[in-house]
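Chains, contacts and geometry: an overview
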Amino acid sequence: MGRVREAVVTGARAVRRIPLPSTLTHQALREARSPQPPSHVQRSHAVENEMIGRTRTVWLDRHHADRGLIVFLHGGAYVSGPFASDWAWLSRQADARGCAGLMVDYRNAPDHQHPVALDDSEAVLTALVADGRLGDQPWVLAGQHAGGGLAFSVARRLRGTDVPAPAALIAMSPWLDLELSNAGITETDQADPVHERRLLRDAARRYAGRTSLDDPDLSPINASLEGLPPVHLSVGTRDLFLSDVRVAKLQLEENGVDLDYREISGRLGLQLLVRKGEDIERVHREQADLIERVFERA
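Predicted, not measured: the structure shown is a model, and the values here were computed from it. (Residues numbered from 1 in each chain as written. Predicted model: local features only at pLDDT ≥ 70, side-chain atom pairs only at ≥ 80, totals over all residues. Heavy atoms only, no water.)

What describes a pair of aromatic rings is the distance from one ring centre to the other and the angle between the planes of the rings. The full count for this structure, using the stated rule, is five aromatic pairs. Aromatic side chains tyrosine 78 and tyrosine 106 sit 6.3 Å apart centroid to centroid with 50° between the ring planes, which places their arrangement in the tilted category. Of this pair, tyrosine 78 sits in the loop between strand 5 (69-73) and helix 3 (84-97) while tyrosine 106 sits in the loop between strand 6 (100-105) and helix 4 (116-130), and the two are 28 residues apart along the sequence. Of the two residues examined, tyrosine 78 and tyrosine 106, each falls in the buried class. (Phe/Tyr/Trp six-rings, centres within 6.5 Å; stacked < 30°, edge-to-face > 60°. Helix = DSSP H or I, 4+ residues; strand = E, 2+ residues; numbered from the N terminus. Buried < 20%, exposed > 50% of the residue type's maximum accessible area, 1.4 Å probe, protein only.)

In structure tokens:
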């Protein structure tokens, strides 16, 4: 863990150290983690914790699973999460549809390295199929930041398995390239108030372990994005991942994937707290429309 940088304020009698809000360390990420839903989510849903294999999961309104299921993979750079913003999104969309939500709290680095997050996510889905809780009813796979990139990898890996494909894939500012190699990434250097590139490079090394960062299971930007279900892809114009997401958009279009794409002003990724405003409201409405459409079609 890194140490939080500090500003030194001098006075006549003392030297006072104030943590700089412009820094975000792995320790701060861990402290921001919300392993249980915030109180407002708990008041709105029936919340149940369940260990599925080695993976902790949290259900919102499991009794509504016959109306559809949204499986959510949280952000946190593979070293932390879920955050309040993850819970808020899952709560909102499950409530809008009247369906069930499932937060997959996959294990994090540095204690657990690749492919643990991928294995945990697939194992949860496989177990739900095995006990009959995931089968004929439609389900949607969603994630943001690291969870968004993971969702692409999970959707690819499910092909050819006994797990039915998700009816849709929703990815918000997904981390698609753990190498952070896109030259266009410098476009957002000036919008990096938390030294995000340094944090992400360290997190990528911690999670990847001995796996090369360009491995398609780690960096789905290097994989074929064909054969995916309908996708809603969104990113902020001041997000570090903007260039990579634009590349993914082109790849999805070239492969004929049914794609809804939205760029919004400001930041969408790495939001520890819930963002508000008309731009994000429009993204949420579009996502809800896609969920409604694929659930009605099934």
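Let's pick the thread back up.
Another aspect to go through is the nonpolar core. Counting residues in each nonpolar core, the largest one holds 59 residues, and the members touching the most others are Phe152 and Trp175. For this core, the element with the highest residue contribution is helix 5 (residues 146-158), accounting for seven residues. Ignoring anything within four residues of it in the chain, the contact list for phenylalanine 152 reads Leu169, Ala171, Pro174, Leu176, Pro220, Leu225, Leu228, Val231, Leu233 and Leu252. Leu60, Cys99, Ile280 and Leu290 belong to the second largest nonpolar core, which has 24 residues in total. (Core = buried A, V, L, I, M, F, W, Y, C linked by side-chain atoms within 4.5 Å. Contact = heavy atoms within 4.5 Å.)

Let us now look at the pairing of strand 9 (residues 231-236). Most of strand 9 sits inside the fold, with six of its six residues counted as buried. Where burial is concerned, the two faces of strand 9 agree: the one with Val231, Leu233 and Val235 and the one with His232, Ser234 and Gly236 are both buried. Bridge count between strand 8 (residues 168-172) and strand 9: four bridges; the pairing is parallel. If you follow alanine 171 over to strand 9, its bridge partner there is leucine 233. With six bridges connecting them, strand 9 and strand 10 (residues 259-264) associate as parallel partners. Bridging from a neighbouring strand, valine 235 pairs with glutamate 263 of strand 10. (Pairing = 2+ DSSP bridges.)

What follows is about the packing of helix 4 against helix 5. Direction vectors running N to C along helix 4 and helix 5 enclose 55°, while the axes themselves pass 10 Å from each other. Our classification of the angle between helix 4 and helix 5 gives oblique. Handedness of the crossing formed by helix 4 with helix 5: right-handed. Along its contact with helix 4, which presents Ala117, Leu118, Asp119, Ser121, Glu122 and Leu125, the element helix 5 presents Leu150, Ser153, Val154, Arg157 and Leu158. Classifying every residue of the contact of helix 4 with helix 5 gives six nonpolar, two polar and three charged. (Axes fitted to C-alpha atoms, helices over the stretch in contact; angles between N-to-C directions. Parallel < 35°, antiparallel > 145°, perpendicular 65-115°, else oblique. Left-handed = near helix turned anticlockwise from the far one by under 90°. Nonpolar A, V, L, I, M, F, W, Y, C, P; charged D, E, K, R; others polar.)

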